[in-house]
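Take a look at the letters that make up each chain.
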Amino acid sequence: MSAVDDRKPGGAPASTAASVVLERCDELATYTSLPGGLIERVYLSPQHAAVNSRTGQWMRAAGLTTWQDSAGNQCARLEGHRAGLPALLLASHLDTVPSAGRYDGILGVLIALAVAERINAGVAPADRPVALEVLAFGDEEGTRFGTTLLGSRAVAGTWDPDWWSLEDADGVTLHDAYLAFGLDPATVGDAARAPVELVGYLEAHIEQGPVLDEAGLPLGVVTSIAGARRFQIVVEGAAGHSGTPWARRRDALAGASEAVLAIERIARGEAGHSSGLIATVGHLAVFPDAVNVIAGRVEFSLDLRGEFDDARDAAWLGIKAAMTAMSERRGLRVTWQQTHSAPAAHCSERMRRVVAAGIRATERAGADPAAPPELFSMAGHDAMALAAVTEIGMLFVRCAGGVSHHPDESVTEADIARAVDALEASVLELFEQYRSEPGVEGTAS
Ligand code: GLV
Ligand code: MN
Ligand code: MN
């Protein structure tokens with residue numbers, strides 16, 4: 001197979017598949033809760049229901065059987081040579097951060113669908129050793145309830161019942177949001193997939209970093225994904241008149257500012273020694289929030305992530321110690337609550353080889369046979385959740401300047417054409433392997 005072959009056997013031309021993917025990304029960008037062309041689409045919202053419905057139409061038009069699972073994920077299936085075989089999952093997410101770009105997650109779902117459509121058209125059922133499923137997860141970002149990967153963790157069977165009492169900004173619990181969306185909290189376990197039902201998981205995603213763009217390369221193989229921990233931190237002091245003398249002030253905002261800079265210093269590591277960690281304080285709320293009142297209370301978020309869980313956890317110990325010392329010195333009280341924790345996830349050797357083979361298959365005949373680049377992902381992905389039940393692999397697609405979580409996210413049609421070809425080739429490579437693999441006949445039912 002080659003990207004220079006315009007027409008795939010039994011399928012649409014590469015350029016058509018890519019332009020359809022991009023048109024669909026544009027269309028899904030219109031399902032938003034924000035005015036002025038900005039995109040925000042959160043879990044269990046009316047916009048979530050609308051994109052599930054629209055994506056379901058496209059899935060059925062591609063010849064797949066569809067359903068919405070008990071966690072609100074939009075799902076589709078193409079059977080193998082007989083019904084009920086274990087499935088290879090192709091997936092990503094349809095939810096977004098506030099003021100999002102139009103490709104983070106969405107692109108992966110639509111590339112997966114383009115590939116499933118091609119497999120349906122180009123590979124006879126008798127030649128499909130496993131089933132293929134396309135999953136569009138309802139929550140990866142955690143925008144609404146603060147904890148991430150809710151859709152994919154339901155599918156992985158790692159749902160935590162403590163999450164039911166999580167509240168959104170309006171005080172709506174996750175439990176009540178399920179009911180309002182028409183889902184039954186009691187059946188969330190039905191979304192879980194057992195390892196025996198699965199043969200693997202592949203996800204295409206924009207890189208959300210600059211490595212591919214700087215190297216001038218369209219695609220890369222992911223090696224592993226950073227494990228993130230998130231915290232909600234509260235600093236309490238004493239609100240009071242802005243004229244209060246220095247000796248009597250217990251200023252929560254000055255203390256929080258010190259904490260934010262300590263977080264940055266600790267996560268960066270010693271000068272000249274990269275810690276491999278990234279820490280972000282992306283949300284901060286000040287109370288009572290008035291120009292002439294000392295801040296009595298500050299709430300802020302911390303997202304701490306890195307390639308190695310040990311280094312990340314050691315940094316968190318250092319951050320806690322620094323915040324405690326700061327609060328004692330300033331006469332403040334600091335408390336924290338962990339809202340999310342995920343270990344770093346590693347793509348399996350086999351899936352890494354398969355994704356690399358898929359990328360290679362898109363190179364022009366005679367092109368430099370250099371191995372495709374391997375990348376570590378600082379961004380979190382649904383693949384991390386699925387690693388609990390099956391082996392995972394990820395294909396990264398170049399995004400301009402590495403910009404993501406921003407309306408300026410941008411990709412090219414040529415790169416998307418390559419990505420569709422590469423993911424299809426990866427699936428075909430796995431089909432080849434499963435044909436000769438004992439045990440893959442285990443039934444999913
Ligand atoms: C999601 O995009 C994350 O990396 O937190
Ligand atoms: Mn994403
Ligand atoms: Mn994201």
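Remember, predicted model here, so these are calculated numbers, not experimental data.

Enquirer: Account for the coordination of the manganese ion (ligand 3), naming residues and giving values.
Expert: Protein-derived coordination of the manganese ion (ligand 3) comes from Asp104 (OD), Glu141 (OE), Glu141 (OE) and His405 (NE2), at a distance range of 2.1 to 2.6 Å. Positions of the donor residues of the manganese ion (ligand 3), expressed as sequence spacing, correspond to D-x36-E-x263-H. Separating the manganese ion (ligand 3) and the manganese ion (ligand 2) is a distance of 3.5 Å, and Asp104 donates to both of them. You can see Glu141 sitting in the loop between β4 (131-137) and α4 (150-156) and its partner His405 sitting in the loop between β16 (392-397) and α11 (413-435), a full 264 residues away along the chain. With a relative accessible area of 8%, Glu141 lands in the buried category.

Enquirer: Let's hear about the pattern of salt bridges: which residues, and what values?
Expert: One pass over the full model with this rule turns up 24 salt bridges. A salt bridge links Arg312 to Asp309; its shortest N-O distance comes to 3.7 Å. Here Asp309 and Arg312 lie together in helix α8 (residues 309-330), a separation of three residues that amounts to about one turn. Residue Arg312 is classed as buried on the basis of its relative accessible area, which comes to 4%.

Enquirer: Describe the domain arrangement of the chain, and please don't skip the residues or the numbers.
Expert: Taken as a whole, the chain is organised into domain 1 (14-226 + 344-436) and domain 2 (228-342). With 14 residues of domain 1 at the interface, the matching set in domain 2 holds 13 residues. When the two sides are added together, the surface that domain 1 and domain 2 hide from each other amounts to roughly 980 Å², 49% of it contributed by carbon and sulfur. Counting every contact that joins domain 1 to domain 2 gives zero salt bridges. Inspection of the domain 1/domain 2 interface yields six residue pairs in polar contact (both at pLDDT 80 or more). The residue inventory of the side of domain 1 that touches domain 2, partitioned by class, reads seven nonpolar, five polar and two charged.

Enquirer: I'd like a description of the UniProt feature "binding site: Zn(2+) 1" (unreviewed entry) in the chain, backed by residues and values.
Expert: The positions that UniProt labels "binding site: Zn(2+) 1" (unreviewed entry) are, in the present scheme, His93, Asp104 and His205. Look at the named residues: they lie 113 residues apart in sequence, but the longest C-alpha span between them is just 9.7 Å, so in the fold they bunch up. Looking at where His93 falls in the secondary structure, it is placed in strand β3 (residues 87-93). His93 has contacts with Asp104, Gly105, Ile106, Val109, Phe137, Glu140, Glu141, His205 and Asp382, leaving out every residue within four places of it along the chain. Within the structure, His93 has its side chain in polar contact with the side chain of Asp95 (distance 3.0 Å). In this fold, His205 is placed in strand β5 (residues 198-206). Take His205: its relative accessible area is 1%, and that puts it in the buried class.

Enquirer: Can you break down the nonpolar core residue by residue, with the values?
Expert: Val21, Leu88, Leu107, Ile111, Leu395, Ile416 and Val427 are the most contacted members of the largest nonpolar core, which has 58 residues in total. Top contributing element to this core by residue count: helix α3 (residues 106-122), with 11 residues. Discounting chain neighbours no more than four positions away, the residues touching Leu395 are Glu203, Ala204, His205, Leu219, Gly220, Val355, Ile359, Ala419, Ala422 and Leu423. Within the second largest apolar cluster, 27 residues are counted, among which are Leu89, Ala131, Leu149 and Ala156.

Enquirer: Can you explain the coordination of the manganese ion (ligand 2)? Please cite residues and give values.
Expert: Each donor-metal-donor angle in an ideal tetrahedron of four donors is 109.5 degrees, and each such angle in an ideal octahedron of six donors is either 90 or 180 degrees. Only His93 (NE2), Asp104 (OD) and His205 (NE2) from the protein coordinate the manganese ion (ligand 2), and they sit 2.0 to 2.2 Å from it. Mapping the donors of the manganese ion (ligand 2) onto the primary sequence gives the spacing H-x10-D-x100-H. Since its relative accessible area comes to 1%, His93 is described here as buried. By relative accessible area, which is 6% here, Asp104 ends up buried.

Enquirer: Summarise the packing of helix α7 (residues 252-268) against α8; cite the residues concerned and give the values.
Expert: Where α7 meets α8, the axes come as close as 9 Å, and the angle between the chain directions of the two elements is 155°. For the element pair α7 / α8, the angle class is roughly antiparallel. Once α7 is placed against α8, the crossing between them reads as right-handed. Residues Ala254, Gly255, Glu258, Ala259, Ala262, Ile263 and Ile266 of α7 form the contact with α8, whose participating residues are Ala315, Gly318, Ile319, Ala322, Met323, Met326, Arg329 and Arg330. Looking at the contact of α7 with α8 residue by residue, the class counts come to 10 nonpolar, two polar and three charged.

Enquirer: Now, about the packing of aromatic side chains: what can you tell me, with residues and values included?
Expert: On inspection of all chains with the given rule, the structure shows seven aromatic pairs. With centroids separated by 5.1 Å and ring planes inclined at 45°, the aromatic side chains of Trp159 and Trp164 adopt a geometry described as tilted. Judged on exposure class, the residue Trp159 and its partner Trp164 are both buried. Taken together, the ring pairs connect Tyr43, Trp159, Trp163, Trp164 and Tyr178 into an aromatic cluster. A cation over a ring is seen here: Arg249 above Trp246, with NZ or CZ 5.0 Å from the ring centre.

Enquirer: Account for the site of ligand 1, with residues named and values stated.
Expert: Neighbouring ligand 1 are Glu140, Glu141, Arg230, Arg305, Ala379, Gly380 and His405. The separation between an oxygen atom of ligand 1 and a polar side-chain atom of Glu141 is 3.1 Å. In the environment of ligand 1, an oxygen atom lies 2.7 Å from a nitrogen or oxygen atom belonging to the side chain of Arg305. With the chains in place, 93% of the 200 Å² that ligand 1 exposes on its own is no longer accessible. Its residues assigned to classes, the shell around ligand 1 shows one nonpolar, two polar and four charged.

What counts as what
Residues numbered from 1 in each chain as written. Chains lettered and ligands numbered in written order. Predicted model: local features only at pLDDT ≥ 70, side-chain atom pairs only at ≥ 80, totals over all residues. Heavy atoms only, no water. Donors = N, O, S within 2.8 Å, 3.2 Å for Na, K, Ca; no water. Helix = DSSP H or I, 4+ residues; strand = E, 2+ residues; numbered from the N terminus. Buried < 20%, exposed > 50% of the residue type's maximum accessible area, 1.4 Å probe, protein only. Salt bridge = Lys/Arg side-chain N within 4 Å of Asp/Glu carboxyl O. Domains from an automatic or database assignment. Contact = heavy atoms within 4.5 Å. Buried area = accessible area lost by both parts, 1.4 Å probe. Polar contact = N/O pair within 3.5 Å; in protein donor to acceptor, adjacent residues only side chain to side chain. Nonpolar A, V, L, I, M, F, W, Y, C, P; charged D, E, K, R; others polar. UniProt positions renumbered as here; feature names shortened; annotations may be inferred. Core = buried A, V, L, I, M, F, W, Y, C linked by side-chain atoms within 4.5 Å. Axes fitted to C-alpha atoms, helices over the stretch in contact; angles between N-to-C directions. Parallel < 35°, antiparallel > 145°, perpendicular 65-115°, else oblique. Left-handed = near helix turned anticlockwise from the far one by under 90°. Phe/Tyr/Trp six-rings, centres within 6.5 Å; stacked < 30°, edge-to-face > 60°. Lys NZ or Arg CZ within 6 Å of the ring centre and 35° of its normal. Near = heavy atom within 4 Å. Areas by Shrake-Rupley, 256 points an atom, 1.4 Å probe, with all protein chains shown as cover.

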